[in-house]
Amino acid sequence: MLRIVLLALITAGAAWSQAQADDPAPGKQVARSFVLGKREDSPQLGYWLYLPKDYQAGGEKEFPLVLFLHGSGERGSDLDKVLIHGPPKLIAGGKEFPFIVVSPQCPENQFWNIDILSRLLDDLEKDHAVDRQRIYVTGLSMGGFATWSLAASTPFRFAAVAPICGGGRPEWSYQLKNLPISVYHGEKDEGVKVERSQEMVDAIKAAGGDVRLTVYPGVGHDSWTQTYEDPKFYEWLLSKELSAKR
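Residues numbered from 1 in each chain as written. Predicted model: local features only at pLDDT ≥ 70, side-chain atom pairs only at ≥ 80, totals over all residues. Heavy atoms only, no water.

## Comments concerning the pairing of strand β4 (residues 100-104)
Defined as follows: Three exposure classes are used, based on accessible area relative to the maximum for each residue type with a 1.4 Å probe and protein chains only: buried under 20%, partly exposed in between, and exposed over 50%. For helices the rule is a DSSP run of H or I covering at least 4 residues; for strands it is a run of E covering at least 2, with both sets numbered from the N terminus onward. For crossovers, right-handed means that the path from the first strand over the helix to the second runs clockwise, given strands pointing away from the viewer.
Counted residue by residue, β4 has 5 buried out of 5 residues, so it is predominantly covered. Of the two faces of β4, both are covered, the one formed by I100, V102 and P104 as well as the one formed by V101 and S103. Where the polypeptide runs from strand β3 (residues 63-69) across helix α2 (residues 86-92) and back to β4, its parallel neighbour, the crossover connection is right-handed.

Structural data, given as structure tokens:
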């Protein structure tokens, strides 16, 4: 019996050590895994985690957090796929950001699970120096749809959201009307019609909401590259904080 207990303690210690070893050094992006539950068949979500250069574990300074949601082509179990677009691609190329970036991967043949994403954010808030007044979500295509959905389900969590070439349900406008939203779409998008973004913007404006739409003339489905490469995009995000009225 004693041997079993000792073995369990050693195993638990090894798991804890591995989790600590996986924490990225400041300025680095590393692969992590989030397990929802304690069963062997519990859902798992792989993700990339980036901490800013001046991040200090246990320090007093808290940092904004940006959750990035990829599109359908990056689903699977190969986390390197997530590095193809958006902030994780820029970080892999040497870009530095003054905020935490979390880039999960949706499993093969599935769509983003809003509950699991919320639980992941709960876990990150608990274990890292996250400024809870400055949490943001952005995503492209399938991730753009999930950005709308996640924002509508938990609007009080986010300081601002930025869906790219996605869409949602106009009836969500009353959940979203007090949330700063910046929407991006290509005029010639054949994958997801620009009307999907336009109808959301129109509904939120009709409800008295704070929303803006950028339509790129002549651009197809890839409206994300120029969005994520534009410094003004991040300036807009970081300028938003949760307010007392929300």
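Back to the write-up after that little detour.
## Quick look at the pattern of salt bridges
Note the following rule: Salt bridges are defined as contacts in which a side-chain nitrogen from Lys or Arg sits within 4 Å of a carboxyl oxygen from Asp or Glu.
Taken as a whole and judged by the stated rule, the model has 8 salt bridges. E125 is the partner of R157 in a salt bridge, and the nearest nitrogen-oxygen pair spans 3.0 Å. Pair noted here: R157 is in the loop between α4 (142-153) and β6 (160-164) and E125 is in helix α3 (residues 114-127), with a separation of 32 residues, a long-range link. Accessibility expressed as a relative area gives 15% for R157, which makes it buried. E125 sits in the buried class, given a relative accessible area of 12%. A salt bridge links E199 to R196; its shortest N-O distance comes to 3.2 Å. Of this pair, E199 and R196 both sit in helix α6 (residues 194-206), 3 residues apart, which is roughly one turn of that helix. The structure contains a network of salt bridges with shared partners spanning D122, E125, R132 and R157.

## A closer look at the sheet that holds strand β2 (residues 44-50)
So the rule is basically this: The pairing criterion for strands is at least two bridges between them, as found by DSSP. Whenever a helix is involved, its axis is fitted only over the stretch in contact; in every case the axis is a line through C-alpha atoms, and angles between N-to-C directions fall within 0 to 180 degrees.
Reading across from one edge, β1-β2-β4-β3-β5-β6-β7-β8 is the order of the 8 strands in this open sheet, with mixed pairing throughout. At either margin of the open sheet sits one strand with a lone partner, and together these are β1 (29-35) and β8 (211-216). Neighbour-to-neighbour, the strand axes of the sheet open up by a mean angle of 20 degrees, direction not taken into account. The pairing of β3 with strand β5 (residues 130-140) spans 6 bridges and is classified as parallel. Each bridged residue has a counterpart across the sheet, and for F68 the counterpart in β5 is T138.

## Description of the nonpolar core
Note the threshold: Residues grouped as a nonpolar core are buried Ala, Val, Leu, Ile, Met, Phe, Trp, Tyr and Cys residues, joined through side-chain atoms within 4.5 Å. Only heavy atoms enter the contact rule, under which two residues are in contact if any of them lie within 4.5 Å.
L65, I100, V102, L176 and I181 are the most contacted members of the largest nonpolar core, which totals 42 residues. Breaking this core down by element, the ones donating at least two residues are β2, β3, β4, α3, β5, α4, β7 (181-186) and α6. When residues no more than four places from it in sequence are discounted, the contact partners of V102 are Y47, W48, L49, L65, V66, L67, F68, L120 and L124. Counting residues in hydrophobic clusters, the runner-up holds 24 residues, among them V66, F97, A159 and A162.

## Focus: the packing of aromatic side chains
Put simply, the rule reads: Any Phe, Tyr or Trp ring, taking Trp's six-membered ring, that has another such ring centre within 6.5 Å forms a pair; planes under 30 degrees apart are called stacked, those over 60 apart edge-to-face, and the others tilted.
Inspection of every chain in the model, using the stated rule, returns 8 aromatic pairs. Seen in terms of ring centroids, Y55 and F63 are 5.4 Å apart; in terms of plane orientation they differ by 40 degrees. Their pairing is tilted. By relative accessible area, which is 8% here, Y55 ends up buried. Between F97 and F99 the ring centres are 4.8 Å apart and the planes differ by 25 degrees, which places this aromatic pair in the stacked class. An identical accessibility class is assigned to F97 and F99; each is buried. Chaining the aromatic ring pairs together yields one cluster made of F68, F97, F99, Y184, Y228, F233 and Y234.

## Considering the environment of M200
Within the secondary structure, M200 is located in helix α6. Separated by 33 residues in sequence, M200 and G167 have C-alpha atoms that sit 7.0 Å apart.

## Observations regarding the confidence of the model for the protein chain
Stated formally: Confidence of the predictor at the level of single residues is captured by pLDDT, which takes values from 0 to 100.
On average, residues of the protein chain score 89 in pLDDT, and 86% of them are at 70 or above. Counted against residues more than four places away or in other chains, residues 1-21, with its pLDDT under 50, gives 1 contact.

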